[in-house]
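Here's the letter readout for the chains.
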Amino acid sequence: MNVVLLLIPIALLLGLAGLAAFLWALRSGQFEDLDGAAMRILEEDEI
Amino acid sequence: MNAEAQITATQAIAQTRLSVPSMRCAGCITKIEKGLSAVPGVIDARVNFTSKRVAVSHGVEVQIPLLVTSLRDLGFEAQPIDDGTVIDEHEESRALLRAMAVAGFAAMNIMLLSVSVWSGATGVIRDMFHWFSALIALPTVLYSGRPFFRSAWSVVRHGRTNMDVPITIGVVLVSGLSLYETITGGAHAYFDGAVMLLFFLLTGRWLDSVMRDRARDGVTALLRQSAPGALVVKPDGQTEWVGARDLAPGMRMLVAAGERLAADGLVEEGRSSFDLSLLTGESQPETVLPGSVVHAGTLNVSAPVTVRVTAAGADTAIADIARIMEEAAQTRSHYVRIADRAARYYAPAVHTLALSAFIGWMIMGAGWHQALMISAAVLIITCPCALGLAVPAAQIVAVGSLMRAGILVKDGSALERLAEADHVLLDKTGTLTLGRPEPVDIGMLDQRQKSVMMALARSSRHPLSQALRRSLEAEGIVAADISELVETPGEGLFAKYDGEVVSLGRADDTDAVTLASRLRIGNEPAIDIHFHDALRPQAAETIAALRKLGLEAAIISGDRAAAVAEVASELGIGARAGLSPKDKLDAITQFSAEGRKVLMVGDGLNDGPALAAGHVSMAPASASDAGQNAADAVWMGDGLMPVAIAIRAARATLRVVKENFVLAIGYNVIAVPLALAGMVTPLIAALAMSGSSIIVVGNALRLRSAAR
């Protein structure tokens, strides 16, 4: 019982963290140019 | 986005977006970004490869043509995008994606808790898990359910109903009842069902929205933009770039060869020829002299001219056609999408079913609580989860497949209308034909003549010269060494080769119907090269394929009767010639009045009203802006076959959508009696819902190769 009380908030927090990360990524334009991101990895001279 | 962060107060910054349709490789990204950043005044350039655009932030002193020429020097054709059209066009998709992410997160967590309840949690633990579920579910329903609540409210207010009404009632009723169950310590809470329903439905909505965005991006990337502005000579002799919107009568525009006019006007200085094909469908360029009237959207072909603006913006001849187009498009907005047509029958059926379940159980002596629970279960089970996914899933798979085949379909409704078309009307110039002259008898020249012709032709922007250059380049001809090259507008090109005068110019004495150029080398007899606006590859096969699909084709053209008759007899189809944009529109209205569903295929501005009025319309990528904007689908490449492919794919999609409906209804036939009998637990509801959705999506995936 005590374990459950500890684990459920942890599970929820982890899930919320994932959701927050996704929403942040969405807002900061990470999904704006999916094809371009795949291409940019091939650029050589970027440090 | 990053560029905005760099903005400091020291300097005025302007943002310009350019469409660069020709970027295709990883190297292009680096090349464009580095190349543009090296232009003085440019602060930052960021490529968006998906939408084939580059966003440039630069000092206000940098003029847009400089950016375009810089890109041309880098090897990319670019067009500035009108800022008014691009502001946050993906906002709707993003909002739906946010709602979907929240619903997905909530559905997973509630499911986790629900699984424990289903596997036998009782007493305090079950109540606690229900409370946790309620804490997650209620805010989620409030947030993620908004798109449905809003849409349902907007139709209910007008006394109508759509798919969103049973969804809204179902979700709200189920959430409320589950909350009641939780408070009173009951056994069943349907929070997982309510949230999962929202998640699946939002997935369908989001797919639909993404599909529209992607096609719209594709089309904007293609738009060749009737000049978004012009170089204006100020009274003090200085020149300044003025956007099309700010042009005013009386201004003097400098129009370089190869530029499109941004406004109507009178030629003041210079002689040139103008390509009017966009306005009239006529492929022969017209010679203009000082005093000639020229219209916005036409292309200056051979030499720079100065034009005094007489009408700009909404007063131009183009804007008139645009107005007819707008009126013509009104008729099309009456089309009701297939999902909404299904909802017309489905929604009342669901409401009646749930209501009769409630009344039935009340009569049979069950308490109001049990009766409500059962009608809620009926709503959850019948909620058009699979129906909501059935249409968008099939359509986005088909649209993706068509896109890979080079056909951009603008939205799902276009795909539905395409499947219904039973008659095809085609424009001639630029649609059935390539819309550019191709030399026919170039083969009779010898190597020396070809290389002289190449040297002359490549230095002119005249469409005939360009056509010669393309054909000769394709043969691998190397240009001869010529000197003292002069281009005289309306007459031709003159130069010295081996001490002799060589020229490439107009062949005056040929009849008006055929286009021809005359090559002279010294005193040798002159050679006439004839041109022909060739039919698109596979034109005849496409007509045959369309006939096999049950679509009868006919030509409606603005060109001369003789030229149209030639094409019509070659393809063996009927034709009407010499039609004005209004006549074309009337022809379509007449067909519609007979109950025919017309597919209009056209390219020019003169086809615009007809494209907008057709039940559905297609345009080639070489079409005018207006044509591409009005069309439901745009195809790339020279061939005509995409027209038939699109219809075949659209019909396959309709078939799959209907199968999906049958699947969804079949599932209801099994599940609804269970729900009516009060045998549906939250576990069964969850299984049934996800099961039917997965089957429907799986069936839609069969369309992946629809465009082959």
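See above for the structure.
In this report, we go over the structure that sits alongside the text. A quick note: this is a predicted structure, and the numbers were derived from the prediction, not measured.

The helix and strand tally for chain B stands at 24 helices and 26 strands. A total of 708 residues make up chain B; the buried ones form 54% of that total. Sequence-distant contacts in chain B: of pairs separated by 6 or more residues, those separated by 24 or more amount to 69%. For chain B, the accessible area works out to roughly 30,000 Å², and carbon and sulfur atoms hold 59% of it.

Let us now look at the overall build of chain A. Assigned secondary structure in chain A consists of two helices and zero strands. Burial analysis of chain A (47 residues in total) assigns 21% to the buried set. In the structure as shown, chain A presents an accessible area of about 3,500 Å², 71% of it carried by carbon and sulfur atoms.

So, on to a positive patch on the surface. A cluster of basic residues, Arg214(B), Arg404(B), Arg704(B) and Arg708(B), forms a positive patch at the surface. Position of Arg708(B) among the secondary structure elements: in the segment after helix H24 (682-701).

On to the packing of helix H6 (residues 146-156) of chain B against helix H7 (residues 164-184) of chain B, then. Residue and element names in this part refer to chain B. At their nearest, the axes of H6 and H7 sit 8 Å apart, and the two run at 125° to each other. Classified by the interaxial angle, the pair formed by H6 and H7 is oblique. As H6 packs across H7, the resulting crossing turns out to be left-handed. Here H6 contributes Phe-148, Phe-149, Ser-151, Ala-152, Val-155 and Val-156 to the contact with H7, which in turn contributes Asp-164, Val-165, Ile-167, Thr-168 and Val-172. Classifying every residue of the contact of H6 with H7 gives eight nonpolar, two polar and one charged.

The tally for this structure, following the rule as stated, stands at 18 salt bridges over all chains. The partner of Arg40(A) in a salt bridge is Glu33(B), and the shortest N-O contact between them spans 2.8 Å. In this pair, Arg40(A) is assigned in helix H2 (residues 34-40) and Glu33(B) in helix H2 (residues 26-37), connecting two distinct chains. Look at Arg40(A) and you get buried, because its relative accessible area is 16%. Judged by relative accessible area, Glu33(B) falls into the buried class, the value being 12%. Among the ionic contacts, a cluster of salt bridges with common partners joins Arg252(B), Glu268(B), Glu269(B) and Arg308(B).

Turning our eyes to something else, we now look at the interface of chain A and chain B. Facing the 23 residues of chain A at the interface are 25 residues of chain B. Across the interface of chain A and chain B, roughly 2,200 Å² is buried in total on both sides, 71% from carbon and sulfur atoms. Where chain A packs against chain B, one counts one salt bridge. Seen at the junction of chain A and chain B, the total is two residue pairs in polar contact (both at pLDDT 80 or more). Sorting the residues of the side of chain A that touches chain B by element identifies helix H1 (2-27) and H2 of chain A as the ones contributing at least two each. Class assignment of the residues belonging to the side of chain A that touches chain B gives a composition of 14 nonpolar, two polar and seven charged.

Here the focus is the sheet that holds strand S9 (residues 272-275) of chain B. All names here are of chain B. Spatially, S10-S9-S12 is the arrangement adopted by the three strands of the open sheet, whose pairing is antiparallel. Only two strands of the sheet have a single neighbouring strand rather than two, namely strand S10 (286-288) and strand S12 (299-300). Sheet topology note: the S9/S12 ladder contains two bridges and is antiparallel. Looking across to S12, one finds that Phe-274 is bridged to Asn-300.

Residues and elements named next belong to chain B. With respect to the helices and strands, Trp-361 occurs in helix H11 (residues 338-363). With a relative accessible area of 19%, Trp-361 lands in the buried category. For the pair Trp-361 and Ala-371, spaced 10 residues apart in sequence, the C-alpha separation works out to 5.4 Å. Look past the residues within four positions of Trp-361 in its chain and what remains in contact with it is Ala-366, Gln-370, Ala-371, Ile-374, Leu-676, Ala-677 and Gly-678.

All names here are of chain B. All of the buried residues along helix H3 (residues 64-74) are Leu-67, Val-68, Ser-70 and Leu-71. Projected down its long axis, H3 carries its buried residues within an arc of 160°, all on one side. Considering only its buried residues, H3 is in contact with strand S1 (13-19), H2, strand S2 (42-48), strand S3 (53-59) and strand S4 (79-80). Where H3 terminates, the next one or two residues include Gly-75, which has phi positive at roughly 100°.

Parameters and conventions
- Residues numbered from 1 in each chain as written.
- Chains lettered and ligands numbered in written order.
- Predicted model: local features only at pLDDT ≥ 70, side-chain atom pairs only at ≥ 80, totals over all residues.
- Heavy atoms only, no water.
- Helix = DSSP H or I, 4+ residues; strand = E, 2+ residues; numbered from the N terminus.
- Buried < 20%, exposed > 50% of the residue type's maximum accessible area, 1.4 Å probe, protein only.
- Contact = heavy atoms within 4.5 Å.
- Areas by Shrake-Rupley, 256 points an atom, 1.4 Å probe, with all protein chains shown as cover.
- Patch = residues over 30% accessible without salt bridge, like charges linked within 9 Å, V, L, I, M, F, W, Y side chains within 5 Å.
- Salt bridge = Lys/Arg side-chain N within 4 Å of Asp/Glu carboxyl O.
- Lys, Arg positive; Asp, Glu negative; His and termini not counted.
- Charge placed at Lys NZ, Arg CZ, Asp CG, Glu CD.
- Axes fitted to C-alpha atoms, helices over the stretch in contact; angles between N-to-C directions.
- Parallel < 35°, antiparallel > 145°, perpendicular 65-115°, else oblique.
- Left-handed = near helix turned anticlockwise from the far one by under 90°.
- Nonpolar A, V, L, I, M, F, W, Y, C, P; charged D, E, K, R; others polar.
- Buried area = accessible area lost by both parts, 1.4 Å probe.
- Polar contact = N/O pair within 3.5 Å; in protein donor to acceptor, adjacent residues only side chain to side chain.
- Pairing = 2+ DSSP bridges.
- Arc of directions from axis to C-beta.

Read these as geometric descriptors, not functional statements.
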